[in-house]
Amino acid sequence: MQFLFFRAIKPHVVFLLTSMILFTAGCEDDDHDHYHDEEHTDADGFVLEDGSGTEVYREFEGATTGTVTLAVGDTLELSVHFLDHDGNEIAHDEEDEDELSVSENDSNIAVFEVEEHEEGEEEHHGMALHVVGVSTGSTSFKLQLMHDGHADYTSTNNVPVTVN
């Protein structure tokens, strides 16, 4: 009788112990992620400004305003400013290893270049993006803030671009 009882309870004990181990390991990873997240940018949106500081496009918590417009053959330099949960600009530390990434665009209409800053460069504008008008038409792009091989922020919407 005792033998049958232990035989019947054995799968339940194994399941319970396995669940406890997985839960405990998951909690340990979760604590690590919270510590790791402190080094990441917690953005809820971004603003694109032209060379004169005029806001060209804004995305905040999924809502968007503006569009990027330029002529064929023109190059438009846009500074990129990420926004916190209150809509305020997040200060960009020059020592951050964050990088911009652009994807999902039609390079036959416009070419996008992420501006790289060299160490020791006197005039540091923060993060910037160059848009080059190639031919008349419309395209769009997805903007990502990359950190250590993954995206800390990905635009909710593609940014519309019109080349005249």
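The structure under discussion appears in the preceding block.
About the criteria used
In this numbering scheme, every chain counts its residues from 1 along its sequence in written order. A pLDDT threshold of at least 70 governs which residues receive local features in this predicted model, and a stricter bar of 80 or more applies before side-chain atom pairs are shown or counted, although totals over entire chains, interfaces and linings include all residues. Heavy atoms from the whole structure form the basis of all side-chain values; hydrogens and water molecules are not counted. Secondary structure elements follow DSSP: runs of H or I no shorter than four residues count as helices, runs of E no shorter than two count as strands, and numbering proceeds from the N terminus. Buried means the residue's accessible area, taken with a 1.4 Å probe over protein chains only, is under 20% of the maximum for its type, while exposed means over 50%, and partly exposed covers the values in between. What makes two strands pair is DSSP finding at least two bridges between them. Under this scheme, a helix contributes an axis fitted over its contacting stretch, all axes are lines through C-alpha atoms, and angles between N-to-C directions fall in the 0 to 180 degree range. Whenever Lys or Arg places a side-chain nitrogen within 4 Å of a carboxyl oxygen from Asp or Glu, that contact is recorded as a salt bridge. Here a polar contact means two N or O atoms within 3.5 Å. Within protein one must be a hydrogen donor candidate and the other an acceptor candidate, and residues neighboring in sequence count only if both atoms are side-chain atoms. Here a residue-residue contact requires only that any non-hydrogen atoms of the pair lie within 4.5 Å.

Asker: Please give an account of the overall build of the protein that cites residues and values.
Answerer: The secondary structure content of the protein amounts to one helix and eleven strands. When the helices and strands of the protein are read in sequence order from the N terminus, they spell out α-β-β-β-β-β-β-β-β-β-β-β. Of all 164 residues assigned to the protein, the portion counted as buried reaches 30%.

Asker: Give a detailed account of the pairing of strand E11 (residues 159-163), specifying residues and quantitative values.
Answerer: Where burial is concerned, the two faces of E11 differ: the one with Val159, Val161 and Val163 is buried and the one with Pro160 and Thr162 is not. The pairing of strand E9 (residues 137-147) with E11 spans five bridges and is antiparallel. Bridge pairing in E11 links Gly137 to Val163.

Asker: Requested: an account of the pairing of strand E10 (residues 150-154), with residues and values cited.
Answerer: Relative to E10, E9 runs antiparallel, the two being bridged by four bridges. Paired with Leu145 across the bridge in E10 is Tyr153. What sits between E9 and E10 in their antiparallel hairpin is a turn of two residues, with Asp148 showing a positive phi close to 50°.

Asker: Before we move on, could you go through the sheet that holds strand E7 (residues 110-114) and cite the residues and values that matter?
Answerer: Strand order in the open sheet formed by six strands is E3-E2-E1-E5-E8-E7, and the pairing between neighbours is antiparallel. The sheet terminates laterally at strand E3 (63-66) and E7, the two strands that pair on one side only. Pairs of neighbouring strands in the sheet enclose a mean axial angle of 20°, with direction left out of account.

Asker: Outline the pattern of salt bridges, listing residues and values.
Answerer: In this structure the tally under the stated criterion is one salt bridge. Ionic pairing is found between Glu55 and Arg58, a salt bridge with its closest N-O pair at 3.0 Å.

Asker: Before we move on, could you go through the side chain of Gln144 and cite the residues and values that matter?
Answerer: Residue position: Gln144 is located in strand E9. Engagement of the side chain of Gln144 in a polar contact is seen with the side chain of Thr154, the distance being 3.1 Å. In contact with Gln144, not counting residues within four places along its chain, are Glu99, Leu100, Ser101, Ala151, Tyr153 and Thr154.

Asker: Please set out the side chain of Thr139 residue by residue, giving values where relevant.
Answerer: Mapped onto the secondary structure, Thr139 falls in strand E9. Judged by relative accessible area, which is 13%, Thr139 ranks as buried. A polar contact is formed between the side chain of Thr139 and the backbone nitrogen of Asp106, at a distance of 2.9 Å.

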